[in-house]
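Coordinate inspection notes
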Amino acid sequence: METNLELRVATDIGGTFTDVVVYDPSEGRYSTAKAPSRADDLAGGVMDALGLVIEEPGVVGSFVHGSTVGINAFLQRRGERVILLATAGASDIYRIARGNRLDMYNIRYRKPVPLIPRRDIIPIGGRLDYRGNELAPLDREDVRRAAERIRSEGVRSVAIAFLFSYINPGHEEAAAEVLSELLPGVSLSLSHQVAAEWREYERTASAVMDAYIAPPVSRYMADLSDRLAHQGMPAPLRVMQSNGGVISARAASERPLQTLLSGPVGGAAGGVALSEVLARPNLICIDLGGTSFDVSLITAGQADSSPSALLEGLPVLMPVVDIHTIGAGGGSLAYVEAGGLRVGPESAGARPGPACYGRGGTQPTVTDANLALGRIDPDFFLGGNLTLDTRAAEVALQDLGEHLDLDGDSLALGVIEVINAKMSQAIRTLTVERGIEPREFSLVAFGGAGPMHAVALAQELGIGEVIVPPDPGGFSAWGMLQSAVRQDFSEAFFRDFDDMDTDDMDARFTRLSELAVASLLGEGVDSDQISVIRSLDMRYQGQEHTLTVTLPNGVSPAREDPFTTLRKRFEATYRARYGHSNPGASMETVNLRLTALGDVGRPLLQANYHPEQPCDEPSKTTPVLFTAGSFPTSRFNRETLTPGCSIEGPAIVEEATATTVIPPGGSATVDRYGCLIIGAPPL
């Protein structure tokens, strides 16, 4: 690559591969690469991937990273031991949790297992009332005794969650001051800083989650930053957040909870950018990699999001892009259970990987099935960087097939049908089960294995159009390059909607705006590139849950029609979510929300795609087995296809990061942005 100081780089760690995307604005082109992820050294896997495409690290001007450290620490229960300081008399809030059943019809249902045992919760004297007024002062001796126990037991992370601290954080701040003095170097997570919102259990759980992942996230960020600096990369490290924006590694270390869903969100961010470019407001985005299948929605050009999330039944209060994830991917293992064929969620990972990798794996996987069916070219996997062992895949499938009286081909088709059924249900969870009709959406497929299964999923759901973006294997990393620097702020605001003091609301939003702008300036964003979005959490009086409604034009209703527009927006949002509304009913507000966005440039796809060596003819024809039988199938090199070319199925379109399967009856064309647009035939 030519030397300049504007290269923009993004990396995304997957369970099997680490992806890297490099954008060179001088040429207006992207470069992509994959390297096996290192489970025992994630930063090493990132450096391996960078080494494939970056010859001179000193020319990188922007670096964005999707981290899986926090979510892995949580899912594998390998986070830090946490001590929780809670208000005396109410210290069991975290253990009691909620009384509702998350799985109502499961007779074996058990409440989610908390991250800390009851013995690690220390009650601290002091009490505030529900308005934040002090009823009893903080007992600093209790805090000092807690500090002594924390020191003696070698605990390195502490969560502090006192009653009503979201209104008055004084007691939490005082306790943190004592601990900082007595326990230098110990990580502190204060609930009012993690989530300044009501709901004592959810706020406490969020603080505990933050404390649980804080040390491993901080260590990882420091390790990766040091390695990048050692390689001579001057660009500051930025990290993808669960809300779809990015923040600096320093801010991520201070607020690690915001990075919990860092990896999967890149695909949704890419979906938003693709929606804008292609003028398709409604997209279902599917990301199928080696170990997981992620689904997200783009509606009216925006990623479907929520102010909170549940992770394995444990709540976190933070803005998140709604992503539904299941254990399904190219490395998902096939096995027999209770006399039937099962696929996933267990994965072969990067090592040993599928049997066809030749690294010691013996159980058949989805990748082995696709290879045996002829859908993957064994000599062109990862652009030819990894030659697959077809015979090893066939042996693994035959061995398992003997347990079900199936030959290898029949078992391979069965593996694909089982995994497709699981993925179709995952899409229904975000669409049909919420009253959303999938037929009104286009399906965007990415990840290394997404385009291989996309048309079959579209057929199952009645979706007529599948879009495969350029370099689909690195699309999540590409999405990170489209993301703005983002900070979210919230504040409790319990008010009767009809009697709301708009002057008070204006003053609160102004204060939050000042904090937000200062925060983004500290992130290196130019002041003229900062914008803010103001919104309210609203509900009908007497209800428990809220809906977030954006204020008109990002300004307060004091400068607009006072309440009519807000009421209409709330009722429209309510109807979209629940299918009805209650016009004229009394409403109330619960929280103020402010989102600050810093535009650092978006290298969107341009309508000037043209291959360097154009050729629309197939490179060869090979037999491929589909459900309807074996068909001679044309194989195309995607890097040579020109805009406007037409491909009739059955066909295989191959590229370095993915393989696209077009079944009999399907057709495809390449648009002016380089996207592969596929018409899915009805079943």
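Rules of the game
Note that residues are indexed from 1 along each chain, following the sequence as it is written. With pLDDT at 70 or above as the cut-off, local features in this predicted model cover only qualifying residues; side-chain atom pairs require 80 or more to be listed or tallied, and sums for whole chains, interfaces and linings still use all residues. Excluding hydrogens and water, the side-chain values take into account all heavy atoms of the structure. In this scheme Phe, Tyr and Trp rings, the latter by its six-membered ring, pair at centre separations within 6.5 Å, and the angle between planes marks the pair as stacked below 30 degrees, edge-to-face above 60, and tilted otherwise. Secondary structure elements are defined from DSSP: runs of H or I of at least 4 residues count as helices, runs of E of at least 2 residues count as strands, and each element is numbered from the N terminus. Each residue's exposure class comes from its accessible area (1.4 Å probe, protein chains only) as a fraction of the maximum for that residue type: buried when under 20%, exposed when over 50%, partly exposed otherwise. In what follows, residue pairs with any heavy atoms lying within 4.5 Å of each other are defined as contacts. To estimate the expected span of a helix, subtract one from its residue number and multiply by 1.5 Å. It is the directions from the helix axis to the C-beta atoms that the arc portrays. Note on pairing: two strands pair once DSSP finds at least 2 bridges between them. Across the chain, each position has a pLDDT score giving the predictor's confidence in that residue, from 0 to 100. Note on method: axes are straight lines fitted to C-alpha atoms, helices fitted across the in-contact stretch only, with angles between N-to-C directions ranging 0 to 180 degrees. Each angle receives one of four descriptions, namely roughly parallel if under 35 degrees, roughly antiparallel if over 145, roughly perpendicular if within 65 to 115, and oblique otherwise. Here a crossing is taken to be left-handed if its near helix is turned anticlockwise relative to the far helix by less than a right angle, and right-handed if that turn runs clockwise. By definition, a salt bridge exists where a carboxyl oxygen of Asp or Glu is found within 4 Å of a side-chain nitrogen of Lys or Arg. To define a nonpolar core, start from buried Ala, Val, Leu, Ile, Met, Phe, Trp, Tyr and Cys residues and group those joined through side-chain atoms within 4.5 Å. Whenever a nitrogen or oxygen atom comes within 3.5 Å of another N or O atom, the pair is scored as a polar contact, on the condition that within protein one atom can donate a hydrogen and the other can accept it, and that pairs from neighbouring residues in sequence are kept only if both atoms are in side chains.

**Things to note about the packing of aromatic side chains**
Each aromatic ring pair is summarised here by two numbers: the centre-to-centre distance and the angle between the ring planes. The final tally for this structure, using the stated rule, is 12 aromatic pairs. Judged by centre distance (5.5 Å) and plane angle (85°), the ring pair of Trp198 and Phe494 falls under edge-to-face. Taken together, the residues Trp198 in the loop between α6 (191–194) and α7 (200–230) and Phe494 in strand β23 (residues 485–496) connect sequence positions 296 residues apart. Ring geometry for Tyr357 against Phe381: centres 5.9 Å apart, planes inclined by 50°, an arrangement best described as tilted. One end of the pair, Tyr357, is in the loop between β20 (340–347) and α10 (366–372); the other, Phe381, is in the loop between α10 and α11 (390–401), and 24 residues separate them in sequence. These aromatic residues form a ring-pair network of at least three members: Tyr23, Tyr30, Phe446, Phe475 and Trp478.

**Side note on the environment of Ala10**
Here Ala10 lies in strand β1 (residues 7–13). Relative accessible area serves as the criterion here: at 0%, Ala10 is assigned to the buried category. Each C-alpha atom of the pair Ala10 and Val208 lies 30 Å from the other, and the pair is 198 residues apart in sequence. For Ala10, the residues in contact, after removing those within four places along its chain, are Asp19, Val20, Val21, Val64, Ala477, Met480 and Leu481.

**Notes on helix α15 (residues 502–522)**
Given a rise of 1.5 Å per residue, 21 residues ought to cover 30 Å, and the 30 Å separating the end C-alpha atoms of α15 matches this to within 8%. Of the positions making up α15, those classed as buried are Thr502, Met505, Asp506, Phe509, Leu512, Ser513, Ala516, Ser519 and Leu520. One face of α15 carries all of its buried residues, which in axial projection span an arc of 145°. Opposite the packed face of α15, turned more than 90 degrees from it, sit the exposed residues Asp503, Glu514 and Gly522.

**With respect to the pairing of strand β10 (residues 187–190)**
Where strand β9 (residues 157–161) meets β10, four bridges bridge the pair, whose relative direction is parallel. Across the sheet, Ser157 pairs through a bridge with Ser187, a residue of β10.

**A closer look at the confidence of the model for the protein chain**
Close inspection of predicted coordinates is inappropriate in any region flagged by low pLDDT. For the protein chain, the mean per-residue pLDDT works out to 91, and 98% of the residues sit at or above 70. Low confidence marks residues 554–558, where pLDDT is under 50. Its contacts with residues over four positions away, or in another chain, come to 12 contacts.

**Some points on the packing of helix α1 (residues 42–53) against α7**
Look at α1 against α7: their axes get within 9 Å of each other, and the N-to-C directions meet at 30°. Put simply, α1 runs roughly parallel to α7. Where α1 crosses over α7, the two elements pack in a sense that is right-handed. Across the interface between the two elements, Leu42, Ala43, Gly44, Val46, Met47 and Leu50 of α1 pack against Tyr220, Asp223, Leu224, Arg227 and Leu228 of α7.

**Considerations on the sheet that holds strand β6 (residues 121–124)**
Here four strands make up an open sheet; going across it, the order is β6-β5-β9-β10 and the pairing parallel. Bordering the open sheet on either side are β6 and β10, each of which pairs with just one other strand. The mean inter-strand angle of the sheet, taken between neighbouring strand axes irrespective of direction, is 20°. Packing of α7 onto the sheet brings it into contact with β5 (82–87), β9 and β10, and relative to β9 it is tilted by some 165°.

**Comments concerning the pattern of salt bridges**
Scanning the entire structure with this criterion turns up 41 salt bridges. The salt bridge partner of Arg434 is Asp304, with a shortest N-O separation of 2.6 Å. Of this pair, Arg434 sits in the loop between α12 (408–430) and β21 (442–446) while Asp304 sits in the loop between β15 (302–303) and β16 (305–311), placing them 130 residues apart in sequence. Given the relative accessible area of 14%, Asp304 is considered buried. Put simply, Asp537 and Arg593 hold a salt bridge, and the shortest N to O gap is 2.8 Å. Of this pair, Asp537 sits in strand β24 (residues 530–540) while Arg593 sits in strand β26 (residues 587–598), and the two are 56 residues apart along the sequence. The same class applies to Asp537 as to Arg593, namely buried.

**Some details on the nonpolar core**
By size, the foremost hydrophobic cluster in this structure holds 103 residues, and its most contacted members are Leu50 and Leu536. When residues of this core are assigned to their parent elements, the largest contribution, 13 residues, is made by α7. If we skip the residues at most four places from it in the chain, Leu536 touches Phe493, Met500, Met505, Phe509, Leu547, Thr548, Val549, Leu551, Leu566, Thr589, Asn591 and Leu592. Val343, Val366, Ala369 and Ala454 belong to the second-largest nonpolar core, a separate cluster that totals 53 residues.

**A closer look at the sheet that holds strand β30 (residues 651–654)**
Spatial ordering of the open sheet is given by β27-β28-β30-β31, a layout of four strands whose pairing is mixed. Each having just a single partner strand, β27 (620–626) and β31 (659–662) make up the two edges of the open sheet. Across the sheet, the mean angle separating the axes of adjacent strands is 30° when strand polarity is ignored. As defined by bridge partners, strand β28 (residues 629–637) adjoins β30 across four bridges and the pair is classed as parallel. By the bridge assignment for β30, Arg635 is matched with Ile652.

**Thoughts on the side chain of Thr87**
By secondary structure assignment, the location of Thr87 is in strand β5. Looking at Thr87, the relative accessible area reads 4%, which means it is buried. Side-chain polar atoms of Thr87 contact the backbone nitrogen of Leu163, separated by 2.9 Å. For Thr87, the contacting residues outside a window of four places in its chain are Ile124, Gly126, Arg127, Ala161, Phe162 and Leu163.

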